[in-house]
Amino acid sequence: MAARNTKTHVKTSAKMSDTLFHKSSGNIFTDMGIPTHEAAFLRVRAQLMVELIRVIRSRKLTQVAAGKLFAISQPRVSDILRGKIDRFSIDALVDMLALAGLQVQVTTKAFRKVA
């Protein structure tokens, strides 16, 4: 049985060595081919959603309790936990973080376009 696992591992490793890797731009959405301006919005929304999920988990909130804290319904909390990024605006996510007692700060940085 150990020999089978070794062979499988060797095959997997061989396949991986044939795979080309590209340096990330730092924004997964840009790397997926989404236009830069849209990717920037998606990245911000994703970061805000991650913070909301951290609040829910760190405070050990139920979805109902999180909904009360964020002034949204339980199904909307479920959408956050499932990463349904398209269902939330940046404004709504910032509002929810503020209701949870967090302050959102925005920073900018120059980026180099990856060829």
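Keep in mind that this is a model prediction, so the values were computed, not measured.

Considering the confidence of the model for the chain
Taken as a whole, the chain shows an average pLDDT of 80; of its residues, 64% reach a score of 70 or greater. Between residues 1-14, whose pLDDT stays under 50, and residues either more than four places distant or in other chains, the model counts 0 contacts.

Here's the deal with the packing of helix α4 (residues 63-70) against helix α5 (residues 74-81)
Direction vectors running N to C along α4 and α5 enclose 100°, while the axes themselves pass 8 Å from each other. Here α4 is positioned roughly perpendicular relative to α5, judged by the angle of their axes. Where α4 approaches α5, its residues Gln-63, Val-64, Ala-66 and Gly-67 are matched on the opposing element by Gln-74, Val-77, Ser-78 and Leu-81. Looking at side-chain class alone, the contact of α4 with α5 contains 4 nonpolar, 4 polar and no charged residues.

Remarks on the nonpolar core
Judged by nonpolar contacts, the single largest core of 17 residues is most densely connected at Met-49, Leu-52, Phe-70, Ile-80, Phe-88, Leu-93 and Met-96. It is helix α3 (residues 36-58) that provides the largest number of residues to this core, a total of 7 residues. Aside from chain neighbours lying at most four places away, what touches Phe-88 is Arg-45, Met-49, Arg-76, Asp-79, Ile-80, Leu-93 and Met-96.

So, α4
Three or more residues of α4 are buried, namely Ala-66, Gly-67 and Phe-70. For α4, the angular spread of the buried residues around the axis is 105°, confining them to a single face.

Examining the pattern of salt bridges
Taken as a whole and assessed by the stated rule, the structure comprises 2 salt bridges. For the salt bridge of Arg-54 with Glu-51, the shortest nitrogen-to-oxygen distance reads 2.6 Å. Highlighted residues: Arg-54 and Glu-51, both in helix α3, separated by 3 residues, approximately one helical turn. Overall, Glu-51 belongs to the partly exposed group, its relative accessible area being 29%. Here Arg-87 makes a salt bridge to Asp-79, at a shortest N to O gap of 3.1 Å. In this structure Arg-87 comes out as partly exposed when scored by relative accessible area, which is 41%.

Looking at unusual backbone geometry
Even without being a glycine, Lys-60 presents a positive backbone phi close to 55°. A residue is classified by how much of its surface remains accessible, and Lys-60, at 74% relative accessible area, is exposed.

Describing α5
Along α5, the positions that sit buried rather than exposed are Val-77, Ser-78, Asp-79 and Ile-80. A positive phi of about 70° marks Gly-83, the residue just after α5.

Looking at the environment of Gln-63
With respect to the helices, strands and loops of the structure, Gln-63 is situated in helix α4. In sequence terms Gln-63 and Gln-74 are 11 residues apart; their C-alpha atoms lie 5.5 Å from each other. Polar side-chain contacts of Gln-63 include one of 2.4 Å to the side chain of Gln-74.

Calculation notes
Here, residues in each chain are numbered from 1, in the same order as that chain's written sequence. With pLDDT at 70 or above as the cut-off, local features in this predicted model cover only qualifying residues; side-chain atom pairs require 80 or more to be listed or tallied, and sums for whole chains, interfaces and linings still use all residues. Based on all heavy atoms of the structure, the side-chain values leave hydrogens and waters out of the count. The score called pLDDT rates the predictor's confidence residue by residue, from a low of 0 to a high of 100. The contact rule is simple, with two residues in contact once any of their heavy atoms fall within 4.5 Å. Axis definition: a line fitted to C-alpha atoms, limited for helices to the stretch in contact. Angles are taken between N-to-C directions and run from 0 to 180 degrees. A run of DSSP states H or I qualifies as a helix once it reaches four residues; a run of E qualifies as a strand once it reaches two. Both are numbered from the N-terminal end. When describing relative orientation, an angle under 35 degrees is termed roughly parallel and one over 145 degrees roughly antiparallel, while 65 to 115 degrees is termed roughly perpendicular and anything else oblique. Following the grouping adopted for this structure description, the nonpolar residues are Ala, Val, Leu, Ile, Met, Phe, Trp, Tyr, Cys and Pro, the charged ones are Asp, Glu, Lys and Arg, and the polar ones are all others, Gly among them. Nonpolar cores are built from buried Ala, Val, Leu, Ile, Met, Phe, Trp, Tyr and Cys residues. Side-chain atoms within 4.5 Å join them into one set. Whether a residue is buried, partly exposed or exposed follows from its accessible area with a 1.4 Å probe, protein chains only, as a fraction of its type maximum: under 20%, in between, or over 50%, in that order. Comment: arc refers to directions from the helix axis out to C-beta atoms. Take a side-chain nitrogen of Lys or Arg and a carboxyl oxygen of Asp or Glu: if they are within 4 Å of each other, that pair is a salt bridge. Polar contacts here mean pairs of N or O atoms no more than 3.5 Å apart (in protein, one a potential hydrogen donor and the other a potential acceptor; neighbouring residues in sequence count only if both atoms are side-chain atoms).

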